[in-house]
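# Examination of the molecular architecture
Residues per chain are reported as follows:
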Amino acid sequence: MKYFAMIGGHQYGPMELDEMVREGVRPDTYVWCKGMSDWIQASEVPDICRYFRQRLSGTLPSQKAAAPDEIRMNAVDEDEQERLLSQLPPMARDFVRKSGMRLTKENFPDLEHPRIPKALPVILYIICLIVILIGFLIIY
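Residues numbered from 1 in each chain as written. Predicted model: local features only at pLDDT ≥ 70, side-chain atom pairs only at ≥ 80, totals over all residues. Heavy atoms only, no water.

On to the overall build of the protein. Tallying secondary structure elements over the protein gives 5 helices and 4 strands in all. Moving toward the C terminus, one meets the helices and strands of the protein in the order β-β-α-β-β-α-α-α-α. Scored against the burial criterion, the 140 residues of the protein give a buried share of 15%. On the protein, roughly 11,200 Å² of surface is accessible, and the fraction owed to carbon and sulfur atoms is 62%. (Helix = DSSP H or I, 4+ residues; strand = E, 2+ residues; numbered from the N terminus. Buried < 20%, exposed > 50% of the residue type's maximum accessible area, 1.4 Å probe, protein only. Areas by Shrake-Rupley, 256 points an atom, 1.4 Å probe, with all protein chains shown as cover.)

Put into structure tokens, the structure is as follows:
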């Protein structure tokens, strides 16, 4: 079946499912095909969801049976997994949990170098100015 997609305010199509991937169709992209009464999000079209789910199942790491030592190691690792999951948007957390995919620190390069809040340099600048002004008042 051929679909039309609304990407960046422009209509693309007709496209096959594999063409939709190359054009950047996402779950929140509005699509339409013959027989539909109106444009709906791609996540609401069963054929598109099935196609993307099959496509993702080939890219996700396979789950093998865990050995007893791995089970103990995974129990210790659960806290780390939850910490890494908390860095993801809520919808992505659910997807990762359902897929069984394991996250690693390499997936999150920003965790090694935490971001400095934007207000911190301003606050430090103001504190320095106050210290300098107090110094001038004491001297004079």
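Having put the structure on the table, let's press on.
It is worth spelling out the packing of aromatic side chains at this point. Under the counting rule described, the total for this entry stands at 1 aromatic pair. An angle of 45 degrees between the planes, with centres 5.7 Å apart, marks the rings of F4 and W32 as tilted. Remark: W32 occurs in strand β3 (residues 30–32) and F4 occurs in strand β1 (residues 3–7); sequence separation between them is 28 residues. (Phe/Tyr/Trp six-rings, centres within 6.5 Å; stacked < 30°, edge-to-face > 60°.)

Further remarks concern the sheet that holds strand β2 (residues 10–15). Strand order across the open sheet formed by 4 strands is β2-β1-β3-β4, with antiparallel pairing between neighbours. With partners counted over all chains shown, the strands left at the sheet margins are β2 and β4 (40–41), one partner each. (Pairing = 2+ DSSP bridges.)

Among the nonpolar cores identified, the biggest contains 13 residues, and Y3, A5, M20, V25, V31, V45 and I48 are the most heavily contacted of them. Sorting the residues of this core by element identifies β1 and α1 (17–23) as the ones contributing at least two each. Ranked by residues supplied to this core, first place goes to β1 with 3 residues. Ignoring any residue separated from it by four or fewer positions in sequence, one finds I48 in contact with Y3, L17, M20, V31 and A42. L84, L88, V96 and L103 belong to the second largest nonpolar core, which has 5 residues in total. (Core = buried A, V, L, I, M, F, W, Y, C linked by side-chain atoms within 4.5 Å. Contact = heavy atoms within 4.5 Å.)

With the rule as written, the count across this model stands at 3 salt bridges. A salt bridge links R26 to D28; the nearest nitrogen and oxygen atoms lie 3.2 Å apart. According to the relative accessible area criterion, D28 is partly exposed, its value standing at 40%. With a shortest N-O distance of 2.9 Å, R50 and D47 are connected by a salt bridge. Taken together, the residues span about one helical turn, with R50 and D47 both in helix α2 (residues 46–57) at a distance of 3 residues. Exposure remark for D47: the relative accessible area of 33% places this residue in the partly exposed category. (Salt bridge = Lys/Arg side-chain N within 4 Å of Asp/Glu carboxyl O.)

Looking now at unusual backbone geometry. Cis peptide bonds are those with omega within 30 degrees of zero, and the linkage from G13 to P14 qualifies with 5 degrees. Mapped onto the elements of the fold, P14 is located in strand β2.

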